[in-house]
Amino acid sequence: MDPGAPEPLPQLTGAARYAMLALAGLFLLLGVVGLFLPVMPTVPFLLVAAWAAARCSPALHDWLHNHPRFGQQLCDWRDGGVVPRRAKVLTTAMMSCSTVFMLVFVPQKWAVGITISIMALVLVWLWRRPECKSPP
């Protein structure tokens, strides 16, 4: 076992295991869809999939963390809540585009205001995340 990896969680049994496995599969599918749709994020869905897989399928959890495309991002998040600058910039750009779209096309300005406020809070939180792992 990797000395930097967290302690394994106790495995679920029975129906709870299958429910968690279904949740992991659903969020993995949503993450894959996010690879092809620019308005849909990938990594947040994969984070939920990895969280669920850690509780029901060590093999799926390991596969996600060793995946050549997104495994490094999952490991960086697990090991220190790291979000790369590129992801922060892309998220900010997509939220900005969404804001403009809503201001132009959504007639309920109160709903637009609430949504923009939530996005602004998410961006403040996101930009406060570290961009690289701190040395041990």
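Analysis parameters
Residues numbered from 1 in each chain as written. Predicted model: local features only at pLDDT ≥ 70, side-chain atom pairs only at ≥ 80, totals over all residues. Heavy atoms only, no water. Salt bridge = Lys/Arg side-chain N within 4 Å of Asp/Glu carboxyl O. Helix = DSSP H or I, 4+ residues; strand = E, 2+ residues; numbered from the N terminus. Buried < 20%, exposed > 50% of the residue type's maximum accessible area, 1.4 Å probe, protein only. Core = buried A, V, L, I, M, F, W, Y, C linked by side-chain atoms within 4.5 Å. Contact = heavy atoms within 4.5 Å. Arc of directions from axis to C-beta. Phe/Tyr/Trp six-rings, centres within 6.5 Å; stacked < 30°, edge-to-face > 60°.

*Asks:* Looking at this structure, how should I read the pattern of salt bridges?
*Replies:* It is possible for side chains bearing opposite charge to pair when their charged atoms get close. Using the criterion set out here, one finds three salt bridges in the structure. Here Glu-131 makes a salt bridge to Arg-85, at a shortest N to O gap of 3.0 Å. Within this pair, whereas Glu-131 is found in the segment after helix H6 (109-127), its partner Arg-85 is found in helix H5 (residues 85-105), the two being separated by 46 residues in sequence. Among the salt bridges present, the one from Lys-88 reaches Glu-131, with a minimum N-O distance of 3.4 Å. One end of the pair, Lys-88, is in helix H5; the other, Glu-131, is in the segment after H6, with 43 residues separating them in the sequence. Its relative accessible area of 0% is what places Lys-88 among the buried residues. Because the salt bridges share partners, they merge into one network encompassing Arg-85, Lys-88 and Glu-131.

*Asks:* Before we go on, may I ask you to explain the nonpolar core in this structure?
*Replies:* In a soluble, globular protein the nonpolar side chains are often hidden away together inside. Grouped together as the largest cluster of nonpolar side chains are 16 residues, with contacts concentrated most on Leu-28, Leu-60, Leu-64 and Leu-74. Of all the secondary structure elements, the ones that give two or more residues to this core are helix H1 (14-36), helix H2 (43-56) and helix H3 (58-65). Those residues in contact with Leu-74, other than ones at most four positions away along the chain, are Leu-46, Leu-47, Ala-50, Leu-64 and His-65. If you look at the next biggest cluster of nonpolar residues, it comprises seven residues, including Val-83, Met-95, Met-119 and Leu-123.

*Asks:* Would you take a moment to explain the environment of Gly-14 for this structure?
*Replies:* Tracing the chain through its elements places Gly-14 in helix H1. Gly-14 sits 42 residues away from Cys-56 along the chain, and the two C-alpha atoms are 10.0 Å apart.

*Asks:* Explanation requested: H3 in the structure shown.
*Replies:* Because each turn of an α-helix spans 3.6 residues, side chains separated by three or four positions end up pointing in the same direction. Among the residues making up H3, those that are buried are Leu-60, His-61, Leu-64 and His-65. Down the axis of H3, the buried side of the element spans an arc of 130°, and every buried residue falls inside it. Buried residues in H3 make contact with H1, H2 and helix H4 (71-80).

*Asks:* Mind showing me how you'd approach the packing of aromatic side chains here?
*Replies:* Aromatic rings considered in pairs are described by the distance between their centres and by the relative angle of their planes. Enumeration over the complete set of coordinates arrives at four aromatic pairs. A ring pair is formed by Phe-27 and Phe-45, whose centres lie 5.8 Å apart and whose planes are at 40°; its orientation type is tilted. Linking Phe-27 in helix H1 with Phe-45 in helix H2, this pair joins segments that are 18 residues apart in sequence. Among the residues examined, Phe-45 registers a relative accessible area of 18% and is labelled buried. Residues Phe-101 and Phe-105 carry aromatic rings whose centres are separated by 4.8 Å and whose planes lie at 40° to one another, so their mutual orientation is tilted. Residue Phe-101 and its partner Phe-105 are both found in helix H5; the two are separated by four residues, about one turn of the helix.

Honestly, that's just the spatial picture; any functional story needs more than this.
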